[in-house]
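# Remarks on the overall topology
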Amino acid sequence: MDLAHAPEEEDFRARLRAWLAKVLPTLPAKPAATDWPGRRAYDTAWQRMLYDAGYAGLHWPRDAGGQGATPTQHLIFLEETERAGAPYVGAGFVGLLHAGPTIAAEGTAEQRARWLPPILRGEEVWCQGFSEPDAGSDLAALRTKAVRDGDSYVVSGAKIWTSHAEVADWCELLVRTDPEAPRHRGISWLAMPMDAPGVTVRPLRTLAGSTEFAEVFLDEVRVPVSHRLGAENDGWRVTMVTLSFERGTAFVGEVVACRRVLGALARTARANGRWDDAVLRRRLGRLSADFAALWRLTQWNVSAAQRGGGVPGTGGSVFKLRYSHARQELYDAAAEVLGAGALDADQEWVADRLSSLSYTIAAGTSQIQQNIVAERILGLPKGR
């Protein structure tokens, strides 16, 4: 990837900066972290502003409703919006960062026309129904069943850690359509309306006090067969496309955020006298090198995804594995720089530090990522 910016890319940066400077002061106050209905309204209103300005789905292909931007433009957008303090995708992250791109890559023309425009306009929010109470990190052990009945599937089972289920309109749902097939087969990917009869959502309160996750119970929910992405029983392959987006490109904006946090920590350490600690300086320096390397890996992954037809490759697992641990180490360092008293007083830091603990589990545990790297990238034999 050529990391030099062409004149037209710098023009893009300048236009984006000017637009952000104009619109960000007009935004209302951000709702409380625990107010997900309020945050949905806030996040979707911002998404609509991006859409109206021509920045929604910037890196999506044009035939999927996106702008067909270059990888460099996509990364410039992430850099500038983060540096300006613009809202993140928030409640829209499932639809915008992996359900939508999966539909763009795998959906029929009718499916793309039905679901992609409302995602880009901020009109519909998606949640993810992958994990199950008895499956742990073993996604192939899912047991939620879908029985074909004419033009519908009748779905029964339970999901857990369903991101944004309490405010979602749709769910990207994994179900078992052939219980006799081997574990990684007999699975299908469905788009399920969250207001369908038989869907019960029970929010889960996290350690940080928020309810962005939920249990979802499915009692003979009817989902049209036309809502299946890909062929019946081909859901594992489609799911790998979804997970490649989730691990490969969905976190790229957060790398920019972590680099900003690291800079703020260094300034705070200089101001409060902690900078005299050589061990702490080395720790922050190593983290700076880590996040600089992760940003370069991000650039490579985004560029490789575009060359591969828009779908990230297994390099996303390398990124996810290191990023998860680097984020935890960043907020451990924050605790050292700020001290216990500052953390008690600053609820945003507390929430971010608690959230960092989940990153070695979310989007596939570190152990799973290690297996992917070992087997699919390094070609090592499967463990026994």
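Chains are numbered independently. Their residues run from 1 in the order of the written sequence. Owing to the predicted nature of the model, reporting of local features is limited to residues with pLDDT of at least 70; listing and counting of side-chain atom pairs is limited to 80 or more, with chain, interface and lining totals taken over all residues. Only heavy atoms go into the side-chain values, all of them from the structure, while hydrogens and water stay out.

## Quick look at the pairing of strand β5 (residues 187-193)
Under the convention used in this document: Exposure is judged per residue with a 1.4 Å probe applied to protein chains only, and the accessible area is read against the type maximum: over 50% gives exposed, under 20% gives buried, and values in between give partly exposed. Counting from the N terminus, the helices are the DSSP runs of H or I reaching at least four residues and the strands are the DSSP runs of E reaching at least two. When DSSP finds two or more bridges between a pair of strands, those strands are recorded as paired.
Within β5, seven of the seven residues are buried, which leaves the element mostly enclosed by the surrounding structure. In β5, alternate side chains face the same way, and those of Ile-187, Trp-189, Ala-191 and Pro-193 on one face and Ser-188, Leu-190 and Met-192 on the other are all buried. With seven bridges joining them, strand β4 (residues 170-176) and β5 adopt antiparallel strand pairing. Opposite Arg-176, over in β5, you have Ile-187 as the bridge partner. Where β5 lies against strand β8 (residues 228-229), two bridges are found, and the strand directions are antiparallel. Residue pairing in the sheet places Trp-189 in a bridge with Leu-229 of β8.

## Topic: empty space enclosed by the protein
Basically, it comes down to this: Cavities and pockets are defined on a 1 Å grid built over the protein atoms alone: a cavity is a set of grid points where a 1.4 Å probe fits but cannot escape, while a pocket is an open set with protein on both sides within 12 Å along at least five of seven lines, and lining residues are those with an atom within 4 Å of any such point. Grid points are joined across faces, edges and corners, and a volume is the space filled by probe spheres set on the points. Gly is placed with the polar residues, together with every amino acid not listed as nonpolar (Ala, Val, Leu, Ile, Met, Phe, Trp, Tyr, Cys and Pro) or charged (Asp, Glu, Lys and Arg).
Tallied over the full model, the rule gives two cavities of 30 Å³ or more. Along its surface, the second largest cavity is lined by 13 residues, and Thr-44, Gly-92, Leu-96, Glu-124 and Val-125 are the ones closest to its centre. Among the secondary structure elements, those contributing two or more residues to the lining of the second largest cavity are α2 (36-53) and α4 (93-106). Here the lining of the second largest cavity takes three residues from α2, the largest share from any one element. Partitioning the lining of the second largest cavity into residue classes produces six nonpolar, five polar and two charged.

## Describing the packing of α4 against helix α5 (residues 109-121)
Quick note on the threshold: Fitting a line to C-alpha atoms yields each axis, with helices limited to the stretch in contact; the angle taken between N-to-C directions then spans 0 to 180 degrees. Angles are sorted into four bins: roughly parallel if under 35 degrees, roughly antiparallel if over 145, roughly perpendicular if 65 to 115, and oblique for all others. For any helix crossing, the convention is left-handed if the near helix is rotated counterclockwise from the far helix by under a right angle, and right-handed if that rotation is clockwise. By definition, residues are in contact when any of their heavy atoms lie within 4.5 Å.
Between α4 and α5, whose axes approach to 10 Å, the crossing angle comes to 160°. Between α4 and α5, the interaxial angle falls into the category roughly antiparallel. In the packing of α4 onto α5, the handedness of the crossing is left-handed. On the side of α4, the interface is formed by Gly-95, Leu-96, Gly-100, Ile-103, Ala-104 and Ala-105, while α5 contributes Gln-111, Arg-112, Trp-115, Leu-116, Ile-119 and Leu-120. Looking at the contact of α4 with α5 residue by residue, the class counts come to eight nonpolar, three polar and one charged.

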